[in-house]
Amino acid sequence: MLELRPTCEHCNKALPPASTEARICSYECTFCAACVDEVLGNVCPNCGGGFVPRPVRPSRNWKGDNYLGHDPASTRVRHKPVDPDAHARFAAGIRAIPPEQR
Ligand SMILES: [Zn+2]
Ligand SMILES: [Zn+2]
């Protein structure tokens, strides 16, 4: 199940479950949209993959207990800021490749 991490891994901005700014890679590395665009260049610093908007888990029990009340968001903060220079070097050969071809 998607972990719904509470903050941006780079800037530590709060990303509550209903945030429309949360972005995730396939490993659930979680960043805010501004960091993905302005710092990361849509290259995950941990895996090199691209990002997509994180889906919002329903807050209401529409069906079968599949909602935040039963499956709450994670509270474990993972704050590992990237070094912008190191990331730029890492991403230099990756960012021009579309995520679906990486
Ligand atoms: Zn951020
Ligand atoms: Zn990743």
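It should be noted that the structure appears before, not after, this text.
For clarity, every value in this text was computed on a predicted model and none was experimentally measured.

Details of the environment of Gly-69
And step 1. Here Gly-69 lies in the loop between β3 (52-53) and α2 (84-92).
And step 2. Residue Gly-69 is classed as exposed on the basis of its 12 C-beta neighbours within 10 Å.
And step 3. Note: C-alpha distance between Gly-69 and Pro-58 (eleven residues apart in sequence) is 9.0 Å.

Side note on the sheet that holds β3
And step 1. Read across the sheet, three strands follow the order β2-β1-β3 without closing on themselves; strand pairing throughout is antiparallel. Looking at which strands have only one partner, the edges of the open sheet turn out to be β2 (30-32) and β3.
And step 2. The pairing of strand β1 (residues 22-24) with β3 spans two bridges and is classified as antiparallel. By the bridge assignment for β3, Ile-24 is matched with Val-52.
And step 3. Set on the sheet, helix α1 (residues 33-40) makes contact with β1 and β2; between it and β2 the angle comes to about 85°.

Criteria and thresholds
- Residues numbered from 1 in each chain as written.
- Chains lettered and ligands numbered in written order.
- Predicted model: local features only at pLDDT ≥ 70, side-chain atom pairs only at ≥ 80, totals over all residues.
- Helix = DSSP H or I, 4+ residues; strand = E, 2+ residues; numbered from the N terminus.
- Buried ≥ 20, exposed ≤ 12 C-beta atoms within 10 Å, placed from the backbone.
- Pairing = 2+ DSSP bridges.
- Contact = placed C-beta atoms within 7 Å.
- Axes fitted to C-alpha atoms, helices over the stretch in contact; angles between N-to-C directions.

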